[in-house]
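Listed below are the residues making up each chain.
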Amino acid sequence: MTASLALGPAPDVALSRINPVAQLTALIVVTVVLLTSLDVVTPAVVVAAELTLLPAAGLHRPGALLRRTWPLLAGAVSVGVVNVALSTHPSVVTGVGLGLRVVGLALPGVLLVASTDPVRLADALTLHWRVPTRFAYGALAALRLAPLLVAEFETIRLARRTRGVEAGRNPLARVRLLGGIGFALLVGAVRRGSRLATAMDARGFDSGIPRSNARGSVLHARDAWFVAGTVVVCVVAVALSVATGAWSPIFVGG
Amino acid sequence: MTGRVPADSCALPTDVARAQLSRNLPPARVVARGLGVRHASRHAWALHGIDLVVEPGERVLVTGGSGAGKSTLLAALAGILDPEGVEITGELTVGGRAPRQARGIVGLLAQDPDSQLVMTRAGDDVAFGLENAGVPAEEIWPRVDRALAAVGFRYGRDRSTQALSGGEKQRLVLAGVLVRCPGLLLLDEPTAQLDGPGAELVRSAVARTTADRSTTVVVVDHDAGPWLPLVDRVVELTPDGITERGAGWVPTPRAAGLRLPDAPDGPVLLAAEAAGFTYRGTATAALGPTDLTLRAGRALAVTGPNGTGKSTLALLLAGLRAPTSGRIEAAHELADGARRGGRRPDRWRAADLVGRIGTVFQNPEQQFLTGRLRDELALGPLRSGSHAATAHATAEELLDRLGLTAYADANPYTLSGGQQRRLSVATALATSPRVLVLDEPTFGQDAQTWRELVTLLAERRAAGCAVAVVTHDADLVRALADERLELQPAGSAP
């Protein structure tokens, strides 16, 4: 069972006190700014600001951080390298800029997941952004089943050995075996999902009555400050970029 | 009055839900007259000519063997029969309404807790059903706390639902159902996947919460005995209809009159010497050092409370995992001819393993690999190197022995629970292994399947097999076991 799949009571870190919809708003602001700028200064400033938030999300141990972000780092490095290698005017600065952009785009998501209880997220989305409850709580229920799938994968693999089926050293057989296990998992997941849907229906889920919310979700002044802070960081980043002459927005001859 | 229900009428009538949730509604009366249900894909009627009246507040047990229509009756009462997929005759009402319109006043507790829990925290899960009904937030938590106390839930609202045992999870699901104050509580074999103490947790919670007769209770279970102290009446579904069982009725013990063949004592085939297992990344051992021998012609029952490593021991004996301490060693007689691994079953190739040690998992579906029963039974022999003709002859013979010939071309997933169990045992027998390892083979089986299974295992034992069963089933231990190994909770063992 991997840590990233373990869902449970909310992690109690400083950043969890920011409402999930405020975090999502900040994430959208950062995304828009980074997607429209192609220089190296803007993402560098944004990433630096994001890194200062890591301890607030409880990610101060390098080991824990690396475990959550290694695919992201690998992706960022490969984006940078590929762009430099395939570019007609190769430049290390461009490569670093693109790599930083990937990191800058993904880190807000890492921060959100590390600091936010999925239940609070669903509450905030349905109460503040009017996301349909069927979607939000349906997804929540499905998420609860994810760790069960991991355990079931191992059981099905062993069950195949009892029937005389294993891959040995043949890579092709390995792929076929994985495919078979995947299919068995899928069948199991669909069945469990439909049983869960019946149970949810039996408890009145999505029956046409406006749903109430037992936990609530409150927006505080600190949430507004958080979003405002994000906007300030982005403005500073763009201003620095323009001032240093590095600014190259995507729409103008990017 | 029921018949085919128009699809647009399935929305819950708001007035009923409101009345129920403000607890003004009395327990529901259930009336079935000449009820018949036929699934569109089947020729035979799943239910036929059912007459049943359950008075408000009454607690009734509906029992019967596999295939008698228990699940169909339950789905009909719960209003979850697919109107497109079934033909319905006669009349069925719950609280004076067609079941589909009465869904808001029916509470349902099914078998598998993991596919009934919605939220990650206990309190949130109980609150879920009240939120759905639009109950104001300030009323929700007091009612959640009362429901949790009523079922005897021992932890706080913030308890993670994943950190609960099966019996505790079912208690939590029950709290989530009862918090909506249902007029009719339906229990669908709610203890089928639990061990003895877990089942007792659920039954005692049901007894306590329904003692005030505030809700009508219908329990559906093939295993009638444990429910008798808490129900007012028992009705039995049979292929011919429904029979009222009078006061003082007790089910025939499933082991009654069972005569099993004796077996000669044989040599040791597989031995564990201080074998233990610790999962990677965990500090405590899943299985402490264990010694045992499996002998030809002998059946060993492994018993003990949950969490003592019984299933882990089964995996070690089955050659599916290597012990992390001590060893599991096959006798020369068993290991002879294995192309790799010598006397260590976990190192054997799967093709060698399948002809030497047959394993049956708790959940039969996890072991099915093909789309037809016939292929399923031929697979093991083919894998262990039998000729196609021999493999198929073996498959046909086993189909016949188990009364499954009529389903030879059916998909294993479409069989009933009892049939699936017989098939999974048959697939393990198809390669004639000398050692059989079974994990809870009798969970959720009706009396008929139970007897067939025990007889089958006894026959293999008489033919010189060594049988190891991991089980909570005291009847099975009494009927079959020659020896018994009781695993102790960590710390209490010497």
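Residues numbered from 1 in each chain as written. Chains lettered and ligands numbered in written order. Predicted model: local features only at pLDDT ≥ 70, side-chain atom pairs only at ≥ 80, totals over all residues.

Colleague: Give me the lowdown on the overall build of chain B, citing residues and values where you can.
Modeller: In terms of regular secondary structure, chain B is built from 14 helices and 17 strands. Over its C-alpha atoms chain B spans a radius of gyration of 25 Å, differing by no more than 12% from the 23 Å that the globule rule assigns to 494 residues. Summarising its shape, the C-alpha atoms of chain B cover approximately 75 × 50 × 40 Å along the three principal directions. Expressed as a percentage of the 494 residues in chain B, the buried residues total 50%. (Helix = DSSP H or I, 4+ residues; strand = E, 2+ residues; numbered from the N terminus. Rg over C-alpha atoms; globule rule 2.2 N^0.38 Å. Buried ≥ 20, exposed ≤ 12 C-beta atoms within 10 Å, placed from the backbone.)

Colleague: Please provide a residue-by-residue account of the overall build of chain A, values included.
Modeller: Within chain A, the secondary structure is distributed over eight helices and zero strands. Ordered by position from N to C terminus, the α and β elements of chain A give α-α-α-α-α-α-α-α. The proportion of buried residues among the 254 residues of chain A is 31%. Sequence-distant contacts, at least 24 apart, represent 78% of the contacts inside chain A between residues at least 6 apart. (Contact = placed C-beta atoms within 7 Å.)

Colleague: Please give an account of the interface of chain B and chain A that cites residues and values.
Modeller: The interface of chain B with chain A comprises 54 residues on the first partner and 37 residues on the second. Breaking the side of chain B that touches chain A down by element, the ones donating at least two residues are helix 1 (14-21), helix 3 (122-132), helix 4 (137-150), helix 5 (166-178), helix 9 (350-353) and helix 10 (373-383) of chain B. At six residues, helix 3 of chain B tops the list of elements feeding residues into the side of chain B that touches chain A. Its residues assigned to classes, the side of chain B that touches chain A shows 29 nonpolar, 17 polar and eight charged. (Nonpolar A, V, L, I, M, F, W, Y, C, P; charged D, E, K, R; others polar.)

Colleague: Hey, could you go over the sheet that holds strand 11 (residues 287-295) of chain B for me, with residue numbers and the actual values?
Modeller: Residues and elements named next belong to chain B. Spatially, the three strands line up as an open sheet ordered 11-10-13, and their pairing is antiparallel. The open sheet is flanked by strand 11 and strand 13 (325-330), the only strands paired with a single partner. The mean inter-strand angle of the sheet, taken between neighbouring strand axes irrespective of direction, is 10 degrees. In terms of strand pairing, strand 10 (residues 268-277) meets strand 11 through six bridges, oriented antiparallel. (Pairing = 2+ DSSP bridges. Axes fitted to C-alpha atoms, helices over the stretch in contact; angles between N-to-C directions.)

Colleague: Can you break down unusual backbone geometry residue by residue, with the values?
Modeller: Residues and elements named next belong to chain B. In this model, Ser 432 sits at a positive phi of 50 degrees, which is unusual for a non-glycine residue. Examined against the element boundaries, Ser 432 turns out to sit in the loop between helix 12 (417-429) and strand 15 (435-439). Judged by the 17 C-beta atoms lying within 10 Å of it, Ser 432 falls in the partly exposed class. Unlike most non-glycine residues, Glu 440 shows phi in positive territory, near 50 degrees. Among the residues examined, Glu 440 registers 22 C-beta atoms within 10 Å and is labelled buried.

Colleague: Describe the environment of Cys465(B), with residues and values.
Modeller: Residue and element names in this part refer to chain B. With respect to the secondary-structure elements, Cys 465 resides in the loop between helix 13 (447-462) and strand 16 (466-470). Judged by C-beta crowding, with 25 C-beta atoms within 10 Å, Cys 465 ranks as buried. Dropping the residues within four chain positions of it, Cys 465 is found in contact with Ala 296, Arg 434, Val 435, Leu 436 and Arg 460.

Colleague: Describe the nonpolar core, naming the residues involved and giving the relevant values.
Modeller: Core analysis: the largest hydrophobic core is formed by 118 residues, its most contacted members being Ala175(B), Leu186(B) and Val218(B). The leading source of residues in this core is helix 4 (residues 92-115) of chain A, at eight residues. In terms of nonpolar packing, the next biggest core, distinct from the first, is built from 67 residues, Ala378(B), Leu423(B), Val437(B) and Leu457(B) among them. (Core = buried A, V, L, I, M, F, W, Y, C linked by C-beta atoms within 7 Å.)

Colleague: Give a detailed account of the packing of helix 1 (residues 20-36) of chain A against helix 8 (residues 221-243) of chain A, specifying residues and quantitative values.
Modeller: All names here are of chain A. In the contact formed by helix 1 and helix 8, the axes pass within 9 Å of each other and the chain directions differ by 10 degrees. In terms of their interaxial angle, helix 1 and helix 8 are classed as roughly parallel. Contacts between helix 1 and helix 8 involve Ala 22, Thr 25, Ala 26, Val 29, Val 30 and Val 33 from the former and Asp 223, Phe 226, Val 227, Thr 230, Val 231, Cys 234 and Val 238 from the latter. Here the contact of helix 1 with helix 8 is composed, by residue class, of 10 nonpolar, two polar and one charged. (Parallel < 35°, antiparallel > 145°, perpendicular 65-115°, else oblique.)

Colleague: Account for the sheet that holds strand 3 (residues 59-63) of chain B, naming residues and giving values.
Modeller: Residues and elements named next belong to chain B. Reading across the sheet, the six strands line up as 5-6-7-3-8-9 and stay open at both edges, with mixed pairing between neighbours. Of all strands in the sheet, those bounded by a partner on one side alone are strand 5 (106-109) and strand 9 (241-245). Within the sheet, the average angular offset between the axes of one strand and its neighbour, ignoring direction, is 20 degrees. Both strand 8 (residues 233-238) and strand 9 contribute to a ladder of five bridges, which runs antiparallel. Following the sheet pairing, Thr 238 is matched in strand 9 by Gly 241.

Colleague: Any chance you could break down the confidence of the model for chain A for me, citing the residues and the numbers?
Modeller: All names here are of chain A. Across chain A, the average pLDDT comes to 86, with 94% of residues at 70 or higher. Within chain A, helix 3 (residues 62-86) has the poorest average pLDDT of any element, 83, and helix 8 the best, 95. Between residues 1-9, whose pLDDT stays under 50, and residues either more than four places distant or in other chains, the model counts 19 contacts. (pLDDT = per-residue confidence, 0-100.)

Colleague: Got a sec to walk through the environment of Arg295(B)? Specific residues and values, please.
Modeller: Residue and element names in this part refer to chain B. Locating Arg 295 in the fold gives a position in strand 11. A sequence separation of 136 residues divides Arg 295 from Thr 431, and the C-alpha atoms of the two residues are 19 Å apart. Not counting the four nearest positions on each side in its chain, Arg 295 is found in contact with Asp 265, Gly 266, Pro 267, Val 268, Leu 269 and Ala 466.

Colleague: Talk me through the pairing of strand 10 of chain B; I want residue IDs and the actual numbers.
Modeller: As a general feature of sheets, a regular strand has side chains that alternate between the two faces. Pairing analysis gives five bridges linking strand 10 of chain B to strand 13 of chain B, with the strands arranged antiparallel. Paired with Ala272(B) across the two strands is Ile328(B), which belongs to strand 13 of chain B.

Colleague: Talk me through helix 12 of chain B; I want residue IDs and the actual numbers.
Modeller: Residues and elements named next belong to chain B. Taking 1.5 Å per residue as the helical rise, helix 12 with its 13 residues ought to reach 18 Å, and the 19 Å between its terminal C-alpha atoms agrees with that figure. When you tally the buried positions in helix 12, you get 12 out of 13 residues, the bulk of the element. Looking only at helix 12, the buried set comprises Gly 417, Gly 418, Gln 419, Arg 421, Arg 422, Leu 423, Ser 424, Val 425, Ala 426, Thr 427, Ala 428 and Leu 429. (Expected span 1.5 Å × (residues − 1).)

Colleague: Can you tell me about the packing of helix 10 of chain B against helix 12 of chain B, naming the residues and giving the values?
Modeller: The geometry of a pair of packed helices is captured by two quantities: the angle between their axes and the separation between those axes. Residues and elements named next belong to chain B. Look at helix 10 against helix 12: their axes get within 7 Å of each other, and the N-to-C directions meet at 30 degrees. The angle between helix 10 and helix 12 falls in the class roughly parallel. Facing Leu 373, Glu 376, Leu 377 and Gly 380 of helix 10, the residues of helix 12 in contact are Leu 423, Ala 426 and Thr 427. Counted by class, the contact of helix 10 with helix 12 contains four nonpolar, two polar and one charged residues.

Colleague: Break down the environment of Pro43(A) for me, citing the residues and quoting the values.
Modeller: Residue and element names in this part refer to chain A. Structurally, the position occupied by Pro 43 is in helix 2 (residues 41-53). In this structure the C-alpha to C-alpha distance between Pro 43 and Val 102, which are 59 residues apart in sequence, comes to 8.8 Å. In contact with Pro 43, not counting residues within four places along its chain, are Leu 34, Gly 97, Leu 100, Arg 101 and Gly 104.

Colleague: Tell me about helix 11 (residues 388-401) of chain B, and name the residues and values.
Modeller: Residue and element names in this part refer to chain B. Over its 14 residues, helix 11 extends 20 Å from the first C-alpha to the last, a length consistent with the 20 Å expected when each residue adds 1.5 Å. Buried within helix 11 are the following residues: Ala 391, Thr 394, Ala 395, Leu 398 and Leu 399. The arc enclosing the buried residues of helix 11, seen along the axis, measures out at 135 degrees, which places them on a common side. Counted as exposed and oriented over 90 degrees from the buried face of helix 11: Ala 389, Glu 397 and Asp 400. On its buried side, helix 11 packs onto helix 10 and helix 12. Just downstream of helix 11, Gly 403 is the residue with a positive phi angle, here 65 degrees. (Arc of directions from axis to C-beta.)

Colleague: Describe the confidence of the model for chain B, with residues and values.
Modeller: Here chain B averages 88 in pLDDT, while 94% of its residues score no lower than 70. The ipTM value of the predicted complex is 0.82, and its pTM value is 0.83.

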